[in-house]
Structure formats: C-alpha cells, structure tokens
Amino acid sequence: MNKTLSILPVAILLGGCAGSGNTFGGLDGGTGMGGSIVKMAVESQCRAELNRRSEWRLTALAMSAEKQAEWENKICACVAQEAPKRMTGNDVMQMLDPSTRNQALAALTVKTVSACFGRLYR
C-alpha cells in the first residue's frame, strides 16, 4: 500500500506531461496558465521594445496616431501569440529562476517582435 501511494504522485505528474502533447504542461505551446502568464508579460514589454527599434520609429513617423496604435496592437497581439510557441526548454528554466526571469523574458520578446514585425510589414 505504501509503495502505491508513493508512486501515485509521480505517475500523475508523468501522465500530465505525456497527455498534454507539449513540454512543461503546455507552457511552450501557449496553452494553460504558464502560457497565459508568458503572453501577458511579453505583451506588456512589446510596446517598449517597439519604441526602441529604429525601423518602428521611422515607420511610425509616417502614420497617424490611430494607425500607429492599430499597428502596435497587431504586432503586440502577434508577439503575445508567438512568444510561448518560440520558447525553448532553456527559456522555461530561465523563467523559473527569479534572477534570470527578466533577461529571458526580454530576449524572448526581442526575437518575437522581430519575427512579427517582419511578417506583418512584408
């Protein structure tokens, strides 16, 4: 009986990993609570990252404030959707560590903003 009870938590954890189809319970696929947290954090950094980019600042000069807000919303929505999908196992491990979380989040945001900016402005 004791062996069964000690194995039960391990079986549940392994079953959860196997059943999700994604690593880390769906964190890298953008589903579940982990993916939602990543989406919110990346989306909040997206506008700051856009404003640091010279290509965005040049493009934004030619737009009205409404058009600029519209494109910011499109790009940041893309970033929020794509960031969890682009996460590697190393990114996940860095996000779990409070000392490296901000750096990992910033790096993920930078590469995702670049991809979304290029895709939307083709």
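Draft legend 1. Inspection of the confidence of the model for the protein chain at higher detail. On average, residues of the protein chain carry a pLDDT of 75, and 71% of them reach 70 or more. Per-residue pLDDT, averaged within each element of the protein chain, yields its smallest value for helix α1 (residues 2-20) (38) and its largest for helix α4 (residues 65-86) (91). Taken as a whole, residues 1-30 scores under 50 in pLDDT and shows 25 contacts with residues more than four places along the chain or in a different chain.

Draft legend 2. Representation of the packing of aromatic side chains in the model. Taken as a whole and judged by the stated rule, the model has 0 aromatic pairs. Sitting over the ring of tryptophan 71, lysine 74 keeps its end group 4.3 Å from the ring centre.

Draft legend 3. Spotlight on the state of the cysteines. Scanning the model with the defined rule gives 2 disulfides in all. Covalent S-S linkage joins cysteine 46 and cysteine 76, the inter-sulfur distance amounting to 2.2 Å. The sign of the -90° torsion about the S-S bond sets the cysteine 46-cysteine 76 disulfide as left-handed. Here cysteine 46 is found in helix α2 (residues 32-52), whereas its partner cysteine 76 is found in helix α4, with 30 residues between them in sequence. Cysteine 76 matches cysteine 46 in its accessibility class, with the two residues each being buried. Here cysteine 78 is linked by a disulfide to cysteine 116, with a sulfur-sulfur distance of 2.0 Å. One quick way to see it: the torsion about the S-S bond of cysteine 78 and cysteine 116 is about -75°, and its sign makes the bridge left-handed. Here the residue cysteine 78 occupies a position in helix α4, and cysteine 116 occupies one in helix α6 (residues 101-120), the gap between them amounting to 38 residues. Note on cysteine 78: relative accessible area 13%, which makes it buried. Of the residues examined, cysteine 116 reaches a relative accessible area of 0% and is grouped as buried. Disulfides within the protein chain link the bonded cysteines, taken in sequence order, as 1-2, 3-4.

The rules behind these values
- Residues numbered from 1 in each chain as written.
- Predicted model: local features only at pLDDT ≥ 70, side-chain atom pairs only at ≥ 80, totals over all residues.
- Heavy atoms only, no water.
- pLDDT = per-residue confidence, 0-100.
- Helix = DSSP H or I, 4+ residues; strand = E, 2+ residues; numbered from the N terminus.
- Contact = heavy atoms within 4.5 Å.
- Phe/Tyr/Trp six-rings, centres within 6.5 Å; stacked < 30°, edge-to-face > 60°.
- Lys NZ or Arg CZ within 6 Å of the ring centre and 35° of its normal.
- Disulfide = S-S within 2.5 Å.
- Buried < 20%, exposed > 50% of the residue type's maximum accessible area, 1.4 Å probe, protein only.

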